[in-house]
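Read off the chains here:
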Amino acid sequence: QKEVEQNSGPLSVPEGAIASLNCTYSDRGSQSFFWYRQYSGKSPELIMFIYSNGDKEDGRFTAQLNKASQYVSLLIRDSQPSDSATYLCAVNMRVPRDDKIIFGKGTRLHILP
Amino acid sequence: GAGVSQSPSNKVTEKGKDVELRCDPISGHTALYWYRQSLGQGLEFLIYFQGNSAPDKSGLPSDRFSAERTGGSVSTLTIQRTQQEDSAVYLCASSLSVQETQYFGPGTRLLVL
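These numbers come from a predicted model, not from an experiment.

Draft legend 1. Summary view of the overall build of chain A. Helix and strand counts for chain A stand at zero helices and 11 strands. Reading chain A from its N end, one meets helices and strands in the order β-β-β-β-β-β-β-β-β-β-β. Radius of gyration (C-alpha) of chain A: 14 Å, near the 13 Å computed for a compact globule of 113 residues. Along the longest, intermediate and shortest principal axes, the C-alpha atoms of chain A span 50 × 30 × 20 Å. Burial analysis of chain A (113 residues in total) assigns 47% to the buried set. Across chain A, contacts joining residues at least 24 apart in sequence account for 54% of those joining residues at least 6 apart. With the model as given, the accessible surface of chain A reaches about 5600 Å², and the carbon-plus-sulfur share is 48%. Of the charged side chains in chain A, 13 are positive and 12 negative, and the gap between their average positions amounts to 6 Å.

Now the structure itself:
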């Protein structure tokens, strides 16, 4: 069973602190990893993607990938109330005869003013 | 450029009626995906298309659900004999290929009375 696991939360973080969101995946052969943000009542929107081991930074966001341990993280520095949303991790998985992207169920993040 | 569009944005129907939901992907995107999201829940994968073919229909909940894609572009998701448990937001996404970033449409909010 190909799986992407996330803690459902809610994760509560004080404004200005670092929010750390984690995701583990089951397919050791996965190559593409994505973080999406979804505000309540809205569609998911891409924040970052990462393909290589290590860190990738974009503004206040840093994605961290560790293929050996099969986890990918998203760090949000200087958290703002506008960062309160559900964060979805997505990973490409190899299934028989095909590749597909599998989404986790998401972590609800609440930034406390 | 235009993003993914979906129509209708909202649909209210009576139990037992058929409904048809439409998705216009981003031009040039070969992969197209349908998801369902119930209130407060994660994304439920339904089906995806690579071109006009659907390699993976495993997520369709029952034989009342069907989808097609023509001309490698527009897709329709049809739900026959709707039930109250079909009420949800139906999201469409497209990507350049199956391993790449998915871009989501605004969704169709379906309510079955």
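Draft legend 2. Expanded view of the interface of chain A and chain B. Chain A puts 18 residues into the contact, and the matching count from chain B is 20 residues. For the pair chain A and chain B, the number of links is five residue pairs in polar contact (both at pLDDT 80 or more). Within the side of chain A that touches chain B, the residues separate by chemical class into eight nonpolar, five polar and five charged.

Draft legend 3. Fine view of the sheet that holds strand β3 (residues 19-24) of chain B. Residue and element names in this part refer to chain B. With antiparallel pairing, the four strands of this open sheet are ordered in space as β1-β3-β8-β7. At either margin of the open sheet sits one strand with a lone partner, and together these are β1 (5-7) and β7 (65-69). Geometrically, the sheet is characterised by an average inter-axis angle of 15 degrees between neighbouring strands, direction not taken into account.

Draft legend 4. Region of the structure containing the pattern of salt bridges. All told, the structure shown has six salt bridges over all chains when counted by the stated rule. The closest approach of N and O atoms between glutamate 57 of chain A and arginine 77 of chain A, which form a salt bridge, is 3.4 Å. Linking glutamate 57 of chain A in strand β6 (residues 54-58) with arginine 77 of chain A in the loop between β8 (71-76) and β9 (85-95), this pair joins segments that are 20 residues apart in sequence. Classification of glutamate 57 of chain A as exposed rests on a relative accessible area of 60%. For arginine 77 of chain A, a relative accessible area of 27% corresponds to the partly exposed category. When the shortest N-O distance is used, the salt bridge between aspartate 86 of chain B and arginine 64 of chain B registers 2.8 Å.

Parameters at a glance
- Residues numbered from 1 in each chain as written.
- Chains lettered and ligands numbered in written order.
- Predicted model: local features only at pLDDT ≥ 70, side-chain atom pairs only at ≥ 80, totals over all residues.
- Heavy atoms only, no water.
- Helix = DSSP H or I, 4+ residues; strand = E, 2+ residues; numbered from the N terminus.
- Rg over C-alpha atoms; globule rule 2.2 N^0.38 Å.
- Buried < 20%, exposed > 50% of the residue type's maximum accessible area, 1.4 Å probe, protein only.
- Contact = heavy atoms within 4.5 Å.
- Areas by Shrake-Rupley, 256 points an atom, 1.4 Å probe, with all protein chains shown as cover.
- Lys, Arg positive; Asp, Glu negative; His and termini not counted.
- Charge placed at Lys NZ, Arg CZ, Asp CG, Glu CD.
- Polar contact = N/O pair within 3.5 Å; in protein donor to acceptor, adjacent residues only side chain to side chain.
- Nonpolar A, V, L, I, M, F, W, Y, C, P; charged D, E, K, R; others polar.
- Pairing = 2+ DSSP bridges.
- Axes fitted to C-alpha atoms, helices over the stretch in contact; angles between N-to-C directions.
- Salt bridge = Lys/Arg side-chain N within 4 Å of Asp/Glu carboxyl O.

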